[in-house]
Amino acid sequence: MKVIQFTQTGGPDVLTLTDLPTPSPKAGDVLVRHTAIGINYIDTYHRTGLYPVPLPYVPGSEGAGVIEKLGEGVTDLTVGQRVAYVMQPGAYAEYSSVPADKLVLIPDGMTDQQAAAVLLQGMTAHYLAFTTYPIRPGDTVLIHAGAGGVGLLLTQIARMRGARVITTVSIEEKAQLSRENGADEVILYTQTDFADEVKRLTGGQGVHAVYDSVGKTTFEGSLNCLKPVGMMVSFGNASGAVPPFAPALLASKGSLMFTRPSLAHYILTRSALLERATTLFNWVVEGKLTVHIQPTYALADAAQAHRDLEARKTTGKLLLIP
Ligand code: NDP
């Protein structure tokens, strides 16, 4: 089968199209023939070595497709069912062998592409808004990279929770998309000091929570946007990792709360995975949540997709089609 693999970490050029044997599902696994593969920013962290992985490595943590073969002991699924999964390595491939208990069924009324586009980023937006900092009606929250994959979904979900949403984006075209997805205020953080602007927009009060996936370049400014005892949710490193800081910094900026969450810990059990996935899928099928899919890329063009993502050229979700 065709896969994208890297044998050393580095820039997008290390992503190489190659042939590997199609896996045989081991006991408890299911062989999935991918029809759509989700690209996520974490794939770039694996590629660069920011998050170390064993080499050689087939990247990708999210896929959707059709069950091709059942491993021994799998009795509750059948060949031909449409399924999706997240947080399993090796998705940049035509096939993947996935533990049966990590799969979710794709409902009628949802395409495979929608499933691969919403599952990882959507469950992230869900746990951030419902669990990490449970947004209350009337809260004001700041969401960085508001036109990105997570950003567009988190903005819509924060609005469902009753928040006033302020987002940041780099260019006017992204600002427009962010507004269309529910942002009340959009700040071009490439042109304006976003912390000053947030203070102005909140009458000097600050926001209840900041959802910061940009990391290094926004960390300090994000702390300056918060109300006393506000919640700083640092959940990504698109601009680089947040450097170490002293806990006393949080006291000096208003007894702030700080957390660095990861999706894996919010879907640890099968019931947590199903609860979040089912909620999301229902929202999409019922038209309550819109998933924005960029023009898709062929599997062989994974390197170009990474280039575009890291150059901040993209909005919404990027998919690879095998
Ligand atoms: P996005 O589509 O949001 O792409 C990243 C965006 O970050 C860019 O489009 C860009 O938006 C912004 N950005 C700001 N500074 C930079 C920079 N120096 N280089 C590149 N991009 C920059 O990606 P995803 O939706 O896939 O992921 C968003 C973030 O969420 C990532 O940091 C990812 O790691 C994190 N994440 C964390 C999870 C968790 O559980 N902790 C799970 C899923 C995602 P703009 O041009 O508007 O500035």
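Refer to the preceding data block for the structure.
Bear in mind the structure is a predicted one, so any value in this text is a computation, not a measurement.

Here is what the cut-offs are and how they apply
- Residues numbered from 1 in each chain as written.
- Predicted model: local features only at pLDDT ≥ 70, side-chain atom pairs only at ≥ 80, totals over all residues.
- Heavy atoms only, no water.
- Helix = DSSP H or I, 4+ residues; strand = E, 2+ residues; numbered from the N terminus.
- Contact = heavy atoms within 4.5 Å.
- 1 Å grid on protein atoms, 1.4 Å probe; cavity = no way out; pocket = protein on both sides within 12 Å on 5 of 7 lines; lining within 4 Å.
- Points joined across faces, edges and corners; volume = space filled by probe spheres on them.
- Domains from an automatic or database assignment.

J.: Break down the environment of Asp43 for me, citing the residues and quoting the values.
T.: Among the structural elements, Asp43 can be located in helix 1 (residues 41-48). Considered as a pair, Asp43 and Pro89 are 46 residues apart in the sequence and their alpha carbons are 9.7 Å apart. Residue contacts for Asp43: discarding those within four places in its chain leaves Gly38, Gly60, Ser61, Tyr92 and His306.

J.: Describe empty space enclosed by the protein, naming the residues involved and giving the relevant values.
T.: Following the criterion strictly, the structure yields one cavity of 30 Å³ or more and no others. Empty space within the largest cavity amounts to approximately 50 Å³. What lines the largest cavity is Ala117, Gln121, Gly149, Leu152, Leu153, Thr290, Val291, His292, Gly316 and Lys317. Contributions of two or more residues to the lining of the largest cavity are made by helix 2 (112-132) and helix 3 (149-160). For the lining of the largest cavity, the element with the most residues is helix 3, which contributes three residues. Both domain 1 (2-119 + 264-321) and domain 2 (137-260) contribute no fewer than three residues apiece to the lining of the largest cavity.

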